[in-house]
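Observations on the three-dimensional arrangement
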Amino acid sequence: MAQQLPPKYNPQETEERWFSFWAQSPLFHAQAVPGKKPFTIVIPPPNVTGVLHMGHALNNTIQDILIRARRLQGFEALWMPGTDHAGIATQNVVERQLAGQGLTRKDLGRDEFLKRVWGWKEKHGSTIIHQLKRLGCACDWPRERFTMDEGYSRAVVEVFVRLYEKGLVYRGDYIINWCPRCQTALADEEAPHRDLVGKLYYIKYPIKKSQGLPANPLRGRGAGKVSRSQGRAKAMDGIIVATTRPETMLGDTAVAVHPRDPRYKHLIGQRLILPLMEREIPVIADPMVDKKFGTGAVKVTPAHDPNDYIMGKSHDLPFINILRPDGVLNTEAGEYAGMDRFEAREAILEDLKERKLLVKTEDHPHAVGHCYRCHTVVEPYLSKQWFVRMGPLSRPAIKAVKSGAVRFHPKRWTKVYLNWMENIKDWCISRQIWWGHRLPVYYCDKCLASSVPQAPAPNKKSRGRGPEACFERGVIVSRTPPQKCPACGSTGLRQDDDVLDTWFSSWLWPFATFGWPFDAEAAGSVREKELAYFYPTSVLVTAPEIIFFWVARMIMAGCEFMGQIPFRDVCIHGTVRDEEGRKMSKSLGNSIDPLEVIKEYGADALRFSLITTAASGSDIYLSRERFEQGRNLCNKIWNAARFILMNAGEEAAAAPGEARSIQDRWILSRLNETIRRVTRCVDAFKFNEAVNLAYDFFWHDFCDRYLEIAKPTIATTQTRQMLVFVLRKTLLLFHPFMPFITEEVLGKLPGAQAAGLPAESWPAAQKSWDDKPSLKAMELVFRTVYAIRNFRRDLNLSGQSLVRARLTASAAKAKVLESVAPLIKDLGGIADLEVTCDQAAVPQSLSALIAGDAHLYLLLEGLVDIEKEKARLDKQLEETQGQLKNKERMLGNKEFVKKAPEEVVARERARLAELKEAVIRLKEVRRAFN
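Quick caveat, the model's predicted, so the values are computed rather than measured.

**Focus on the overall build of the chain**
Regarding its fold elements, the chain presents 30 helices and 29 strands. Computed over its C-alpha atoms, the radius of gyration of the chain comes to 37 Å, more than 25% above the 30 Å expected for a compact globule of 930 residues. Scored against the burial criterion, the 930 residues of the chain give a buried share of 54%. Long-range pairs, those at least 24 residues apart, make up 80% of the contacts in the chain with a sequence separation of at least 6. Of the roughly 42100 Å² of accessible surface on the chain, a fraction of 50% belongs to carbon and sulfur atoms. When the 132 basic and 110 acidic side-chain charges of the chain are each reduced to a single mean position, those positions are 5 Å apart.

**So, a positive patch on the surface**
Where like charges cluster on the molecular surface, the positive patch consists of Arg260, Lys265, Lys291 and Lys292. Position of Lys291 among the secondary structure elements: in the loop between β11 (279-285) and β12 (297-300).

**Comments concerning empty space enclosed by the protein**
Scanning all chains against the criterion turns up three cavities of 30 Å³ or more. Looking at the largest cavity, its volume works out to about 90 Å³. For the lining of the largest cavity, the elements supplying multiple residues, two or more each, are α2 (54-72) and β23 (567-572). In this structure, the second largest cavity encloses a volume near 40 Å³. Taken together, Phe19, Trp22, Ala23, Phe28, Lys133, Gly136, Cys137 and Trp141 form the lining of the second largest cavity. Its residues assigned to classes, the lining of the second largest cavity shows six nonpolar, one polar and one charged.

**Section: the sheet that holds strand β26 (residues 803-808)**
As summarised here, the arrangement of the four strands in space is β27-β26-β29-β28, forming an open sheet in which the pairing is mixed. The open sheet has two edge strands, β27 (830-836) and β28 (845-851), and neither has a second partner. With direction set aside, neighbouring strand axes in the sheet form an average angle of 20°. The sheet contact formed by β28 and strand β29 (residues 854-859) spans six bridges and is antiparallel. In the sheet register, Leu846 faces β29, and the bridge partner there is Leu858. Across the sheet, helix α25 (residues 772-794) is in contact with β26, β27, β28 and β29; its angle to β28 comes to roughly 155°.

**Examining the pairing of strand β18 (residues 441-444)**
Regular strands show a simple pattern: their side chains alternate between the two faces of the sheet. A two-sided burial pattern is seen for β18, the buried positions comprising Val441 and Tyr443 on one face and Tyr442 and Cys444 on the other. Strand direction decides the pairing type here: β18 and strand β20 (residues 493-495), joined by three bridges, are antiparallel. The residue of β20 that forms the bridge with Tyr442 is Gln495.

What counts and what doesn't
Residues numbered from 1 in each chain as written. Predicted model: local features only at pLDDT ≥ 70, side-chain atom pairs only at ≥ 80, totals over all residues. Heavy atoms only, no water. Helix = DSSP H or I, 4+ residues; strand = E, 2+ residues; numbered from the N terminus. Rg over C-alpha atoms; globule rule 2.2 N^0.38 Å. Buried < 20%, exposed > 50% of the residue type's maximum accessible area, 1.4 Å probe, protein only. Contact = heavy atoms within 4.5 Å. Areas by Shrake-Rupley, 256 points an atom, 1.4 Å probe, with all protein chains shown as cover. Lys, Arg positive; Asp, Glu negative; His and termini not counted. Charge placed at Lys NZ, Arg CZ, Asp CG, Glu CD. Patch = residues over 30% accessible without salt bridge, like charges linked within 9 Å, V, L, I, M, F, W, Y side chains within 5 Å. Salt bridge = Lys/Arg side-chain N within 4 Å of Asp/Glu carboxyl O. 1 Å grid on protein atoms, 1.4 Å probe; cavity = no way out; pocket = protein on both sides within 12 Å on 5 of 7 lines; lining within 4 Å. Points joined across faces, edges and corners; volume = space filled by probe spheres on them. Nonpolar A, V, L, I, M, F, W, Y, C, P; charged D, E, K, R; others polar. Pairing = 2+ DSSP bridges. Axes fitted to C-alpha atoms, helices over the stretch in contact; angles between N-to-C directions.

Any link to function would need more than the numbers given here.
Dropping the structure here:
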């Protein structure tokens, strides 16, 4: 006998057992198998600080679907797991712990602080890995990598050195994004802009007295004549500039105007007095100035604004940095030194008011950069940093996407990727923190004290985007710590304190996880062969917000260091949002904890409910109630399987013989169509369509229809075999989406072998199963039965009431209906069914159009008391029409529609539509009694 299932499905018990089994078994381990096609995914490594959220759940469920489906399809499927050291985030966690003890990292020193971080990582860093296992992720867990593993760190150093040797890594002073909270530089992508309503402050910069006006540059004739603009200028006592950051004016070294702005052209070259600092600064002309912004005159602070930096370089202006790394003003700020930047802003504005130099203030919507980790407002900050020159690296990566070697799904993300890549800026890769890969850069202070920078020929494509590469005597970049300076022989060397941007390590993920680079001793090793076998990887599954952070950089790194793309397809999924469309976050209090959902509904319910709503690339609008659908499906699978197993004998292990009954041919044909469409959707990354197709087939065709049809013949071997056969194939389609319950049930079916689906394979469509005549015939059956059941509802007839009916159709269709008449009678509870070609209308009957020229008539004579039924219908119609008028009156009230909550209005409109349909239906039924 087949194994039996308990009466009720317990997802917690089942899932706990299976994820423990999977984690310890070798089923998910992949290895290079010559002649077998590989399929590889590298996991987007979650931060070691992370805990599972809905974005993780969606992302990893999609990856798991692909891995499980490809494994069933016969691929050597590898899902490479791992975690990212998350430099800033992890350091912040440990620093907060220290702050609770009244300590800072500087109190401990670098070595002791790093010991604390490693200790934290060992204790907490695997939390999210355990949670991914709980979700059911079929990773090759023994291969788990960490971005600061010894071997992985060697790859990071190798890449830095190679880029430096090619002149693509350089050090220079430039304006970067600086986070005063984290006290580190950030790349542009790490300082996302938020739209804020700030203030625009108009400040008067006095003109230095005793300056003679220059000759009128606007007129070529008429010596001694003065233009109108010059006449107005004589009365001017200053230039008004507009700024959103008045505190930076303390570092101003010029005021700039457009060279063709007639309002200021005569003042170019004049001297102004910088308010509060009483320092003379020039008026300069530069085409970068926007004549329409503010007054058309702008303050120039070269050390605190990227555009001002360029102007400062062009006009040889002084660079005055007024900020300390913590956002507090330094001694260059004069009497404001020691104030926080925003505190200083208020003090400066008060002082400007007192001196009558603050002309006006107005609201000003603008975008402000924020740290992507701590959300602090970042500062443009002049700093010596290390950069990667991205132009040469971007060109092969652009070609890879344009040629179709790398494909984005959905395609619309291709344009986003190319737009960023074709306007790419150099990448600031140094970070002023301690947790991370320390720069393999060493300094000889003796040489630096006397060195002269030697710059290579300028790179025209990067002009205006970053400083030119500068190789200095006394700067040593080395794969291993040097013992002495190669130039002077000094042993007094020191390593750069900075670490590399976290993304500098993760852009190597698709190949560094396999042990690259391989030295001479590792040539021909297992890992080198595995890299050659599994690389390029097959698919990258990720969110749109890291296309620039990670996806683009991985493509560049793959092309540069491996000579080929890192993956062929990029599957971009949407963002998980709440019902109101807000992105889920702890700060908004609208997030749903996936672990709580798993505890209440089960991991399969979570996975199914996420995927069924995740249209390709579109955002997901999620509510807790959504998971009930997944739970209901699990219960449906369990109950259907339990019924089949209770009736299945060992003979059901064999495949069914030739399908002879029309219902068997129909269910095989529907199964075949579902297999084809689900497979096609999985291949096209349309996962929600795939799982919804499987759901519709299982719930409606198999359970609601075929199981009901099969009950009278359940004792026959053919029916038992067909039930088990179709159930097994359907569970295999569901398996990538809902692995726990499908493993559990598949293991109980007759003929099941060892656990873990080792002997199973993805269902393959069979042409011999296609049977169009059975599909058409059974469609007539279901339409007829549906119409009969509607009639029963209209007449308040119980399911046990036997009715008489007539089906009329053309000769061809009547022949088909005659062949399925027994099924129609059984399913519809029909005592007497006449099928005829006589298409004349039948008096005293309810009628329904079935399909084409086929009509169903329910004979009323002897079925109900005609007069009583007329009275009942008349009363019900009157009541329904009254309700309809009330609803129309309510929704016709503009005040109600305007003031009532949207959900209330929507609910009332839906009810109005229901009442309209009910009135139409009641009138149709009532006419049958005339």
